[in-house]
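These are the residues of each chain, in order.
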Amino acid sequence: MKQMKFFIFIFFTITLYNCGNKAETNSTEKNTQIVDTDLTLKGKDLFEGKGTCIACHKPTSKVIGPSIKEIATIYKKSNGNIIAFLKEESEPIVDKNQYEVMKTNFSITKKMSEEELKALEAYMLSFAD
Ligand code: HEC
């Protein structure tokens, strides 16, 4: 009988321990989401500020460059890497004929940190269908 009580005790301890772990995982997921939103906001600042991207890319309509939505949708579908593109390490996949125009902006993006490029990518991809 004493042994039985001991087993019940162990059983509940393990169950409680597992529940605790689950709660922890959930809060970690929430934190990641908050960080992602921060990154997207930082990307918006860079896109409209220092990056000057907004001069040629509007959210949903084509002006000089394709819309952010068009670029994001194509990159998402083809699993492309916007960061690599902005470092001039990968080929254009959206509008090859206009690539020369976009290239003038690499002097800015090549000076950006990995974190800034990640933010720009997160912001652009948030427009994908
Ligand atoms: C002077 C105008 C201009 C500016 C400024 C500009 N772009 Fe572009 N961008 C273009 C044009 C035109 C294209 C279409 C050519 C192409 O697809 O490479 C393009 C294409 C792109 C693409 C798709 C590339 C692909 O695979 O074809 C991305 C991503 C992009 N721009 C991001 C940015 C970001 C981020 C900034 C700001 C740091 C920026 N652009 C600033 C004109 C511009």
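In this text the structure is predicted, and so the values were computed from the model without any measurement. (Residues numbered from 1 in each chain as written. Predicted model: local features only at pLDDT ≥ 70, side-chain atom pairs only at ≥ 80, totals over all residues. Heavy atoms only, no water.)

Explain the nonpolar core to me, please; I cannot follow it from the model alone.
Nonpolar side chains in soluble globular proteins generally cluster together in the buried interior. Core analysis: the largest hydrophobic core is formed by 19 residues, its most contacted members being Phe47, Phe85, Leu86, Leu117, Leu120 and Met124. For this core, the secondary-structure elements that each account for two or more residues are helix H1 (2-48), helix H2 (68-77), helix H3 (82-86) and helix H6 (114-125). Top contributing element to this core by residue count: H6, with 5 residues. In this structure, leucine 117 is in contact with Ile83, Leu86, Lys87, Thr109 and Met112, ignoring residues within four places of it in sequence. (Core = buried A, V, L, I, M, F, W, Y, C linked by side-chain atoms within 4.5 Å. Buried < 20%, exposed > 50% of the residue type's maximum accessible area, 1.4 Å probe, protein only. Helix = DSSP H or I, 4+ residues; strand = E, 2+ residues; numbered from the N terminus. Contact = heavy atoms within 4.5 Å.)

Any chance you could explain the site of the ligand here in plain terms?
In the vicinity of the ligand there are 25 residues, among which Cys53, Cys56, His57, Tyr75 and Met102 approach most closely. Note that a nitrogen atom of the ligand is positioned 2.8 Å from one of the side-chain N or O atoms of histidine 57. In this structure, valine 94 approaches the ligand through a main-chain N or O atom, which is 2.7 Å from an oxygen atom. Mapped by element, the contributors of at least two residues to the shell around the ligand are H2, H3, helix H4 (99-103) and H6. The residue inventory of the shell around the ligand, partitioned by class, reads 17 nonpolar, 7 polar and 1 charged. (Near = heavy atom within 4 Å. Polar contact = N/O pair within 3.5 Å; in protein donor to acceptor, adjacent residues only side chain to side chain. Nonpolar A, V, L, I, M, F, W, Y, C, P; charged D, E, K, R; others polar.)

Quick question: what am I supposed to make of the pattern of salt bridges here?
Where charged atoms from two side chains of opposite charge approach closely, those side chains can pair. Scanning the entire structure with this criterion turns up 6 salt bridges. Where lysine 44 meets glutamate 48, a salt bridge forms, and the shortest distance between an N and an O atom there is 3.2 Å. In this pair, lysine 44 and glutamate 48 both sit in helix H1, 4 residues apart, roughly one turn of the helix. Using a relative accessible area of 39% as the deciding quantity, one classes glutamate 48 as partly exposed. (Salt bridge = Lys/Arg side-chain N within 4 Å of Asp/Glu carboxyl O.)

Help me out: how do you make sense of a nonpolar patch on the surface in this one?
Together, Val63, Ile64 and Val101 give the surface a local cluster of nonpolar side chains, amounting to about 230 Å² of exposed area. Along the chain, isoleucine 64 turns up in the loop between H1 and H2. Note on isoleucine 64: relative accessible area 47%, which makes it partly exposed. (Patch = residues over 30% accessible without salt bridge, like charges linked within 9 Å, V, L, I, M, F, W, Y side chains within 5 Å. Areas by Shrake-Rupley, 256 points an atom, 1.4 Å probe, with all protein chains shown as cover.)

What am I meant to see in the coordination of the iron atom of the ligand here?
Around a metal, the idealised angle for a tetrahedral arrangement of four donor atoms is 109.5 degrees; for an octahedral arrangement of six donor atoms it is 90 or 180 degrees. The iron atom of the ligand binds to the protein through His57 (NE2) and Met102 (SD), with metal-donor distances spanning 2.0 to 2.1 Å. In this structure, the iron atom of the ligand is coordinated by 6 donor atoms arranged in octahedral fashion, with angles at the metal of 86 to 179 degrees. Here histidine 57 is found in the loop between H1 and H2, whereas its partner methionine 102 is found in helix H4, with 45 residues between them in sequence. Taking relative accessible area as the criterion, histidine 57 reaches 9% and is therefore assigned buried. (Donors = N, O, S within 2.8 Å, 3.2 Å for Na, K, Ca; no water. Tetrahedral: all angles 85-135°; square planar, octahedral: opposite > 155°, others 65-115°.)

Explain the packing of aromatic side chains to me, please; I cannot follow it from the model alone.
The geometry of an aromatic ring pair is captured by two quantities: the separation of the ring centres and the angle between the planes. For the coordinates displayed, the defined rule picks out 5 aromatic pairs. Taking 6.0 Å as the distance between ring centres and 50 degrees as the angle between the ring planes, the aromatic pair formed by phenylalanine 85 and tyrosine 99 counts as tilted. Placement of phenylalanine 85 in helix H3 and of tyrosine 99 in helix H4 is noted, with a sequence separation of 14 residues between them. For the pair phenylalanine 85 and tyrosine 99, one class covers both residues: buried. Judged by centre distance (6.2 Å) and plane angle (65 degrees), the rings of tyrosine 99 and phenylalanine 106 are edge-to-face. The exposure classification of tyrosine 99 matches that of phenylalanine 106, with both residues buried. Members of the aromatic cluster, each reached through a chain of ring pairs, are Phe47, Tyr123 and Phe127. (Phe/Tyr/Trp six-rings, centres within 6.5 Å; stacked < 30°, edge-to-face > 60°.)

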